[in-house]
Amino acid sequence: MAPPKNKAAAKRPAKAPAKPQPKPASVASGKAAPAKAAKPAKAATPAKAPTPAKAPTLAKAPTLAKAAKPAKGPKAADIIESDPSLFAPLTPGEAADALRTLTEDRRVAGMAKVGRYRVVATEPLVVKPPHWIHNHRLVRVVVYDYSADRCVDACVDLDAGIVAHLDITKAQPMLSREEEAIAVSVATADAAVQVQLELGDHPMVTMHYWGKEPRDLAYSRRSAAVVFGRHGGHPSLVVVVDLLDNQVTSVVPASQW
Amino acid sequence: MSNVINEANWKFHWRLTESAGIMIYLAEYRGRRVLWEASLPYVTVDHQRDALEPTSDGLDTRGPWWVPLGTRTLAGNVRVQPFRGGIELSADFTAGPYHYQQLWRFHDDGRLSPWLTIYGSGLHDQHTYHPHWRFDFDLDGAGHDALESFTDGRWQRVEEEGWFPHTGEADDTGFVWRQIDFGSNCAVHLRPHSWDDAELFAVRYHDGEWAPFSPRAAAGSAPFPAAYVGREPLDDQDVAIWYVAHVHFDQSFPYTAGPWIKLDGF
């Protein structure tokens, strides 16, 4: 599925940046570019060395007043003039437009072709000035691609009709509503679960769950935990569902979770 | 209901997100920009066990889980209510045995309370909540900011990104961290709840390092926001901070977690 040519020019050209700005390679060349080349800024990948236990690095700072320095140069074309409407919730059409644009991007063509993906979230996104798309209507689209067991996290520029930022990682985003429903369906249909349910038990909530230890299947596989219990009562059972194979992998009394 | 509120010396916008509760954005105090955006990206819950049961499957500890606080878990409506000396937003979220009330309280004297009240019994008594707030303060502009931590009896500049747990030390008024703006001398002070067992992650703002839609990074990797922490300098930069509380369930719940935030120099 090839991306439409010159879509950026066809759609709302009046909102183009006032002065020439660098654009993603995929727009400038009209060809699909590797994910890294199209990022407008630093990639948000967990590749960065995680250092949660790092000790704070501190330096002397006698007082706030003494620490203050004169302002350096003019303030950027600044956040002060930011348009609040860019933060506004998406219309159904904007959400649909964003998803269409993403699925037409050649970098995720495999995902779109196989069609085993779930849309986790579509939300407005606003980038700070002076970034060249700071005044564009942006949408963050997060998709879980089951065909490749990966997370696609994209920033779609609706004004330019392009995917302006794309991260493809092994991160596990939250569950989509459809995944929650599937987990409930799989759990309630499982014979091992049915024999352990008590009268009045029903699915109370579906949690996004991941294992802490590598020997737990949910450590590396996309999983949900369905909590059963009586309405208004205590939970009775926790059922872990592997969403890659749609099967129950663990049934645990709630008190032993 | 309008999503722009202009009361009690504050002007701010809000919206309900898909997973991060009520988001506040473009907040100003006395006509000066304070905040680009702030939200509650996730509240994870993990469980502990006193002893292994004979029928145990051998996993002595389960991993954490969470459910988004947003449109799918909202119970009722988002409320906007004035109170003596300010205005507040509140919303209730329900997910099975977990119940939360998110609060944003704006005081006319420049204090701000992003809080979360935790109700509900959970699965059993042995569990801990980990609410994560993300604040992108832009004091009088996005750049030229820095972070300071009250350590060894004085405020000390944080040179680079990192993890800054509350050790119990605080200044005379209880504040532990502060973000300052060099150009204006404005500052935002943060005071943790004394029972929050709080910690702060400070990172340099980058487009692309938005709040992830889950704390879960790839298997074996550090979770977010720790996965964003590198060694970039923070001095004179655009700084984003994460405040994380760790609240163990006990019978005296509900418990209200979250920092006090106070503006200075506005």
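How each quantity is defined
Residues numbered from 1 in each chain as written. Chains lettered and ligands numbered in written order. Predicted model: local features only at pLDDT ≥ 70, side-chain atom pairs only at ≥ 80, totals over all residues. Helix = DSSP H or I, 4+ residues; strand = E, 2+ residues; numbered from the N terminus. Rg over C-alpha atoms; globule rule 2.2 N^0.38 Å. Buried ≥ 20, exposed ≤ 12 C-beta atoms within 10 Å, placed from the backbone. Contact = placed C-beta atoms within 7 Å. Pairing = 2+ DSSP bridges. Axes fitted to C-alpha atoms, helices over the stretch in contact; angles between N-to-C directions. Expected span 1.5 Å × (residues − 1). Arc of directions from axis to C-beta. Core = buried A, V, L, I, M, F, W, Y, C linked by C-beta atoms within 7 Å. Domains from an automatic or database assignment. Nonpolar A, V, L, I, M, F, W, Y, C, P; charged D, E, K, R; others polar. pLDDT = per-residue confidence, 0-100.

## Focus: the overall build of chain B
- The helix and strand tally for chain B stands at zero helices and 20 strands.
- Rg of the C-alpha trace for chain B: 19 Å, near the compact-globule value of 18 Å for 266 residues, within the 12% margin.
- For chain B, the C-alpha atoms occupy an extent of roughly 65 × 45 × 35 Å along the three principal directions.
- Looking at chain B residue by residue over its 266 residues, the buried ones come to 55%.
- Excluding contacts between residues fewer than 6 apart, the proportion of contacts in chain B whose partners are at least 24 apart in sequence is 65%.

## Observations regarding the sheet that holds strand 2 (residues 117-125) of chain A
All names here are of chain A.
- Taken together, the four strands give an open sheet; going across it, the order is 2-3-4-5, and neighbouring strands pair in antiparallel fashion. Single-partner strands in this sheet number two, and they are strand 2 and strand 5 (162-169). Strand after strand, the sheet turns through a mean of 15° between neighbouring axes, direction not considered.
- Relative to strand 4 (residues 150-157), strand 3 (residues 138-145) runs antiparallel, the two sharing eight bridges. The partner of R140 across the bridge, within strand 4, is C155.

## Quick word on helix 6 (residues 177-189) of chain A
Residue and element names in this part refer to chain A.
- Over its 13 residues, helix 6 extends 19 Å from the first C-alpha to the last, a length consistent with the 18 Å expected when each residue adds 1.5 Å.
- Along helix 6, the residues classified as buried are E179, E180, A183, V186 and A187. Within helix 6, the buried residues cover an arc of 130° as seen down the axis, which keeps them to one side. In helix 6, the exposed positions that point more than 90 degrees away from the buried face belong to E178 and A189.

## Some thoughts on the nonpolar core
- One finds V156 and A225 of chain A together with I24 and A202 of chain B to be the most contacted residues of the largest nonpolar core, which totals 139 residues.
- When residues of this core are assigned to domains, at least three fall in each of domain 1 (8-42 + 80-169) and domain 2 (177-256) of chain A.
- Among residues more than four places away in sequence, those in contact with A225 of chain A are M207, Y209, V238, V239 and V240 of chain A together with W65 of chain B.

## Side note on the domain arrangement of chain A
Residues and elements named next belong to chain A.
- As far as domains go, chain A holds domain 1 (8-42 + 80-169) and domain 2 (177-256).
- With four residues of domain 1 in contact, the opposing surface of domain 2 contributes four residues.
- Class assignment for the residues of the side of domain 1 that touches domain 2 results in two nonpolar, no polar and two charged.

## Some thoughts on the confidence of the model for chain B
- Residues at a pLDDT of 70 or more form 95% of chain B, whose mean pLDDT is 91.
- Here the predicted complex scores 0.84 on pTM and 0.91 on ipTM.

## Some points on the pairing of strand 4 of chain A
Residue and element names in this part refer to chain A.
- Counting buried positions along strand 4 yields seven of eight residues, so the element is predominantly enclosed.
- Two elements, strand 4 and strand 5, share seven bridges in a ladder whose sense is antiparallel. Of the residues in strand 5, the one forming a bridge with A154 is L166.
- Taking the residues that link successive antiparallel strands as the turn, the strand 4-strand 5 hairpin has four residues, and the phi of G161 there is positive, at about 70°.

## Re helix 4 (residues 92-103) of chain A
Residues and elements named next belong to chain A.
- An ideal rise of 1.5 Å per residue puts 16 Å on twelve residues; helix 4 measures up with 17 Å between its terminal C-alpha atoms.
- The complete set of buried residues in helix 4 reads A98, T101, L102 and T103.
- Considering only its buried residues, helix 4 is in contact with helix 5 (109-114), strand 2, strand 3, strand 4 and strand 5.

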